[in-house]
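# Coordinate inspection notes
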Amino acid sequence: MKLLKEYIIEHGVVLSEHALDVSLFLNEQVDVPLMQAIGKNFAEYYKEYDFDGFITVESSGIAPSVFASLYANKPLVVLKKRPVLLESDKFIQQECTSFTKQNSYFLTTQVKLVANKRLILLDDFLAEGNVVISTEILLNKVNSTLVSTGIAISKDFQQGYQKLKSLNKSLYRLVGIKKLTPSTNKIDFSD
Ligand code: G4P
């Protein structure tokens, strides 16, 4: 996606070989017209897919997903990150570990919101792919299917991209990054 690539080139800061700071437009200051364009792109890409709605994870995935939901006219479910297991069968949970943030949490939602559905996951970053894998496990527990995953920025050099490809998972990414060089703030894109 040309527009997102331009934002990354203009405002992205390479923090390390693994991390790109996008706080000026994606996760601290949120550029709403850009979120709208991202959401519209997702909605158009998934137009012909057979699915019931979108699913995302709090918090940075929410902004672009809201617009995808609006343009596709499909509901959006936001998975919460909870620190503990809940003692209620109204909720469904799946543990997830973040390599980037070095923490673990439970992806959590109400069973009635996600049971027996075909859902598309949308998220801001793909790093190790743990959110995707954990979301699919969570959905499978309630007889639902992860139809595809739409990612705004895929760090293709990290494990997630390769893992999902090798597992033959449906994946759509707006921008792929193949290398980050902190010393020169250089960002090499995959295509
Ligand atoms: P994975 O799902 O692909 O395995 O990724 P991982 O757990 O390692 O990291 C996911 C979290 O880290 C997400 O935030 C994601 O936005 C953030 N993240 C990953 N790589 C980068 C990066 O290069 N730059 C920035 N700015 N963030 C990155 P989260 O835990 O979902 O929190 P939130 O920010 O959405 O609230």
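Here the structure is a predicted model, which means the values were calculated and not measured. (Residues numbered from 1 in each chain as written. Predicted model: local features only at pLDDT ≥ 70, side-chain atom pairs only at ≥ 80, totals over all residues. Heavy atoms only, no water.)

## As for the pattern of salt bridges
Per the stated rule, a full pass over the model turns up five salt bridges. Between E136 and K169 there is a salt bridge, with the nearest N and O atoms lying 2.9 Å from each other. Within this pair, whereas E136 is found in helix α6 (residues 130-141), its partner K169 is found in the loop between α7 (159-166) and β9 (171-181), the two being separated by 33 residues in sequence. Looking at E136, the relative accessible area reads 16%, which means it is buried. (Salt bridge = Lys/Arg side-chain N within 4 Å of Asp/Glu carboxyl O. Helix = DSSP H or I, 4+ residues; strand = E, 2+ residues; numbered from the N terminus. Buried < 20%, exposed > 50% of the residue type's maximum accessible area, 1.4 Å probe, protein only.)

## Considering the pairing of strand β10 (residues 186-189)
Strand direction decides the pairing type here: β9 and β10, joined by four bridges, are antiparallel. Of the residues in β10, the one forming a bridge with T181 is K186. Between the antiparallel neighbours β9 and β10 lie four residues, among them N185 with a positive phi of about 55°. (Pairing = 2+ DSSP bridges.)

## Observations regarding the packing of aromatic side chains
In this description, a pair of aromatic rings is defined by centroid distance and the angle of the planes. Using the criterion set out here, one finds nine aromatic pairs in the structure. Here the aromatic rings of Y46 and F51 are separated by 6.4 Å at their centres, their planes lie at 65°, and the arrangement is edge-to-face. Both residues of the pair, Y46 and F51, belong to the buried class. Here the aromatic cluster, defined as three or more aromatic residues joined through ring pairs, consists of F42, Y45, Y46, Y49, F51, F54 and Y172. We note K74 situated over the ring of F51; from NZ or CZ to the ring centre the distance is 4.8 Å. (Phe/Tyr/Trp six-rings, centres within 6.5 Å; stacked < 30°, edge-to-face > 60°. Lys NZ or Arg CZ within 6 Å of the ring centre and 35° of its normal.)

## Regarding α7
Those residues of α7 not exposed but buried are G160, Y161 and L164. Burial along α7 is one-sided: seen end-on, the buried residues are contained in an arc of 100°. Away from its buried face by more than 90 degrees, α7 exposes Q159 and S166. In this fold, the buried residues of α7 make contact with β7 (118-126), α6, β8 (145-155) and β9. Directly beyond the C-terminal end of α7, a positive phi value near 65° is found at N168. (Arc of directions from axis to C-beta. Contact = heavy atoms within 4.5 Å.)

## A word on the site of the ligand
Taken together, 21 residues are adjacent to the ligand, and L20, S59, T100, G129 and K155 come closest. S59 is positioned such that a nitrogen or oxygen atom in its side chain is 2.6 Å from an oxygen atom of the ligand. With respect to the ligand, the side chain of K101 contributes an N or O atom lying 3.0 Å from an oxygen atom. Computed on the free molecule, the ligand has an accessible area of 710 Å², of which 90% lies beneath the protein chains in the complex. Cavity membership is defined here by more than half of the atoms lying within 2 Å of grid points; on that basis the ligand lies in the largest pocket. Among the secondary structure elements, those contributing two or more residues to the shell around the ligand are β7 and α6. A total of three residues in the shell around the ligand trace back to one element, the largest contributor, which is β7. A class-by-class count of the residues in the shell around the ligand yields seven nonpolar, eight polar and six charged. (Near = heavy atom within 4 Å. Polar contact = N/O pair within 3.5 Å; in protein donor to acceptor, adjacent residues only side chain to side chain. Areas by Shrake-Rupley, 256 points an atom, 1.4 Å probe, with all protein chains shown as cover. 1 Å grid on protein atoms, 1.4 Å probe; cavity = no way out; pocket = protein on both sides within 12 Å on 5 of 7 lines; lining within 4 Å. Sits in = over half its atoms within 2 Å of the grid points. Nonpolar A, V, L, I, M, F, W, Y, C, P; charged D, E, K, R; others polar.)

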